[in-house]
Amino acid sequence: MTEKLYKSTAHSYIPSNELLPFQEMNSESGRYMTVAGLERAKQRAIEAPETAFMNDTENPKDWNHISAQLEVKISEEKFKKWVRKYQDLLEELQYMNEDSEHSKWFYVSTFGFNIVEPYFKSNKKAENTNDTKE
């Protein structure tokens, strides 16, 4: 008899809806995956080098790191459309991988999901602006 041991090589898995046919189970699984991802992001930030969060400019668009939180009130259809575009950007970033003496590792983590109530106080002007944009 031969015993074989296998080790997973993927960093994460997305279970098929056929494996989790009950929506409640899918929802709970997604919630736990999100919380686990947030914990991983927290740990990566704690372990990052001091230089990871230093800025040589006041313009966030020129920083070597990104940290943003926002809440928007839009239709689910528009949110899904934006997610597709964002996924394309992440895919583009992955294809930019290079192995040179000037290359550095960067950690990117993204979460976005429906919430019941906003945490941040928004002004009416920003709310009305978002309603008219595509």
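Residues numbered from 1 in each chain as written. Predicted model: local features only at pLDDT ≥ 70, side-chain atom pairs only at ≥ 80, totals over all residues. Heavy atoms only, no water.

Visitor: Looking at this structure, I do not really get the overall build of the chain. What am I missing?
Guide: Secondary structure summary: the chain contains 3 helices and 0 strands in total. What you see in the chain, going N to C, is helices and strands ordered as α-α-α. Looking at the chain as a whole, 4% of its 134 residues are labelled buried. Put simply, of all contacts in the chain between residues at least 6 apart along the chain, 56% involve residues at least 24 apart. (Helix = DSSP H or I, 4+ residues; strand = E, 2+ residues; numbered from the N terminus. Buried < 20%, exposed > 50% of the residue type's maximum accessible area, 1.4 Å probe, protein only. Contact = heavy atoms within 4.5 Å.)

Visitor: Please clarify how the packing of aromatic side chains should be interpreted in this entry.
Guide: A ring pair, where both rings are aromatic, is described by two values, the distance of the centres and the angle of the planes. As enumerated under the stated definition, the model contains 3 aromatic pairs in all. Aromatic side chains Trp82 and Tyr86 sit 5.1 Å apart centroid to centroid with 15° between the ring planes, which places their arrangement in the stacked category. Highlighted residues: Trp82 and Tyr86, both in helix α2 (residues 76–95), separated by 4 residues, approximately one helical turn. The class for Trp82 is partly exposed, based on a relative accessible area of 43%. (Phe/Tyr/Trp six-rings, centres within 6.5 Å; stacked < 30°, edge-to-face > 60°.)

Visitor: Hey, could you run me through the side chain of His65 in this one?
Guide: Checked against the element boundaries, His65 lands in the loop between α1 (23–47) and α2. Polar side-chain contacts of His65 include one of 2.8 Å to the side chain of Asn55. Discounting chain neighbours no more than four positions away, the residues touching His65 are Ala52, Phe53, Met54 and Asn55. (Polar contact = N/O pair within 3.5 Å; in protein donor to acceptor, adjacent residues only side chain to side chain.)

Visitor: Before we go on, may I ask you to explain the pattern of salt bridges in this structure?
Guide: Close approach of charged atoms allows side chains of opposite charge to pair. Following the criterion strictly, the structure yields 2 salt bridges and no others. Lys42 is paired through a salt bridge with Glu39; the nearest N and O atoms lie 3.9 Å apart. Highlighted residues: Lys42 and Glu39, both in helix α1, separated by 3 residues, approximately one helical turn. (Salt bridge = Lys/Arg side-chain N within 4 Å of Asp/Glu carboxyl O.)

Visitor: Would you mind showing me how to read a positive patch on the surface here?
Guide: A cluster of basic residues, Lys78, Lys81, Arg84 and Lys85, forms a positive patch on the protein surface. By the element assignment, Lys81 lies in helix α2. (Patch = residues over 30% accessible without salt bridge, like charges linked within 9 Å, V, L, I, M, F, W, Y side chains within 5 Å. Areas by Shrake-Rupley, 256 points an atom, 1.4 Å probe, with all protein chains shown as cover. Lys, Arg positive; Asp, Glu negative; His and termini not counted. Charge placed at Lys NZ, Arg CZ, Asp CG, Glu CD.)

Visitor: Explain a nonpolar patch on the surface to me, please; I cannot follow it from the model alone.
Guide: Taken together, the side chains of Leu38, Phe111, Phe113 and Ile115 make up a nonpolar region of the molecular surface, amounting to roughly 370 Å² of accessible area. Tracing the chain through its elements places Leu38 in helix α1.

Visitor: Is there a simple way to think about the confidence of the model for the chain in this case?
Guide: Close inspection of predicted coordinates is inappropriate in any region flagged by low pLDDT. Mean pLDDT over the chain stands at 82; residues scoring 70 or higher make up 78%. At the level of individual helices and strands, the chain shows its lowest average pLDDT in helix α3 (residues 124–132), which scores 51, and its highest in α2, which scores 95. (pLDDT = per-residue confidence, 0-100.)

Visitor: Is there a simple way to explain the environment of Trp63 in this structure?
Guide: Looking at the secondary structure, you find Trp63 in the loop between α1 and α2. Judged by its relative accessible area of 30%, Trp63 falls in the partly exposed class. Along the primary structure Trp63 and Ala52 are separated by 11 residues, whereas in three dimensions their C-alpha atoms are 9.7 Å apart. What Trp63 contacts, discounting residues up to four positions off in sequence, is Asn55, Thr57 and Glu58.

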